[in-house]
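Report on the structure
Residue strings, one per chain:
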Amino acid sequence: MISLIQIQKKIAEAIKQSGLTQQQISQALGINQTQISCYVHGKKMPALDTLANLCAILDLDANEILCLNDYNNRAVHISNSFNNVSNSNIKVGK
């Protein structure tokens, strides 16, 4: 499962690695710089529209920020594991 803490860490990481100041990001989003600081320190989460705009400004894939790429990779791995078991010669039951 994807946790809020994982998403908060991804947001903070992306902001820090963007090369932009919190002030520049806040101006581009039309919000207070304090909000950006709260995102960086994991105190608050952006609203969905703010998150979408943040991804656009920082040229980020929302799936990456929301940890969906990690989740999808695990789901594929689990699915492949089940396929390998079902395709083997292992007999279950009678």
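Before any of the text, the structure's been laid out above.
Report on the accompanying structure. Owing to the predicted nature of the structure, the values given are computational and were not obtained by experimental measurement.

Conventions used here
Residues numbered from 1 in each chain as written. Predicted model: local features only at pLDDT ≥ 70, side-chain atom pairs only at ≥ 80, totals over all residues. Heavy atoms only, no water. Helix = DSSP H or I, 4+ residues; strand = E, 2+ residues; numbered from the N terminus. Buried < 20%, exposed > 50% of the residue type's maximum accessible area, 1.4 Å probe, protein only. Expected span 1.5 Å × (residues − 1).

In this section: unusual backbone geometry. One non-glycine residue, Asp 59, lies in the positive phi region at around 55 degrees. Topologically, Asp 59 is positioned in the loop between helix H4 (48–57) and helix H5 (62–65). Since its relative accessible area comes to 70%, Asp 59 is described here as exposed.

So, on to helix H1 (residues 4–17). For H1, with 14 residues, the first-to-last C-alpha span of 20 Å sits near the 20 Å given by 1.5 Å per residue. Among the residues of H1, those classed as buried are Ile 7, Gln 8, Lys 10, Ile 11, Ala 12, Ala 14 and Ile 15. Backbone geometry just after H1 places Gly 19 at a positive phi near 85 degrees.

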